[in-house]
Amino acid sequence: MRILVVCGAGASSTFVAQRLRRAASAAGLDWETAAGTENSVSTAFADLVLVGPHLADRLDAIRAASHGPVAVLPDDVFADRDGSRTLGVARTTLSDSPPPAKGTS
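Given the structure is predicted, the values throughout are model-derived calculations rather than measurements.

1. So, the pattern of salt bridges
No. 1: All chains considered together, the criterion is met by two salt bridges.
No. 2: Among the ionic pairs, Glu38 bridges to Arg58, the shortest N-O distance being 2.7 Å. With a gap of 20 residues between them, Glu38 in the loop between strand S2 (32-37) and strand S3 (48-51) and Arg58 in the loop between S3 and helix H2 (59-65) connect regions that are remote in the sequence.
No. 3: Residue classification places Glu38 among the partly exposed positions, given a relative accessible area of 23%.
No. 4: With a relative accessible area of 36%, Arg58 lands in the partly exposed category.
No. 5: The partner of Asp76 in a salt bridge is Arg85, with the nearest N and O atoms 2.8 Å apart.
No. 6: For Arg85, a relative accessible area of 41% puts it in the partly exposed group.

Below you can see the structure in the form of structure tokens.
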């Protein structure tokens, strides 16, 4: 599973991605996480894109550029020190998303 965490400049998303990776690992999940900006969404293949709350107004454009499901993170995501709430958002989004169409992934 590859997850891209997106924010304005890529700095704060780095912390969220690192915390999410640790929480996923502690839960026994083999997830790769990366941080990026809105511009990186179209070039980075990700099974899930998590968007910083300050980019919520750009959600339609990010969804259009993404190769998978997209979710906006809660306003207080940066206070999620152990990544457990972010992991919950990721799991819920993935379970609520339809499987990819045949011939895509």
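Past the structure itself, the notes keep going.
2. Things to note about the pairing of S3
No. 1: Residue alternation in S3 divides its side chains into two sets, Leu48 and Leu50 and Val49 and Val51, and both sets are buried.
No. 2: Bridging between strand S1 (residues 2-7) and S3 involves four bridges; their strand directions are parallel. Note that in S3 the partner of Val6 across the bridge is Val51.
No. 3: Judged from the three bridges that link them, S3 and strand S4 (residues 70-72) form a sheet pairing that is parallel. The residue of S4 that forms the bridge with Leu50 is Ala71.
No. 4: The parallel pair S3 and S4, bridged by H2, forms a crossover whose chirality is right-handed.

Thresholds applied
Residues numbered from 1 in each chain as written. Predicted model: local features only at pLDDT ≥ 70, side-chain atom pairs only at ≥ 80, totals over all residues. Heavy atoms only, no water. Salt bridge = Lys/Arg side-chain N within 4 Å of Asp/Glu carboxyl O. Helix = DSSP H or I, 4+ residues; strand = E, 2+ residues; numbered from the N terminus. Buried < 20%, exposed > 50% of the residue type's maximum accessible area, 1.4 Å probe, protein only. Pairing = 2+ DSSP bridges. Right-handed = clockwise from strand over helix to strand, strands pointing away.

The values reported here are purely geometric and, on their own, carry no functional implication.
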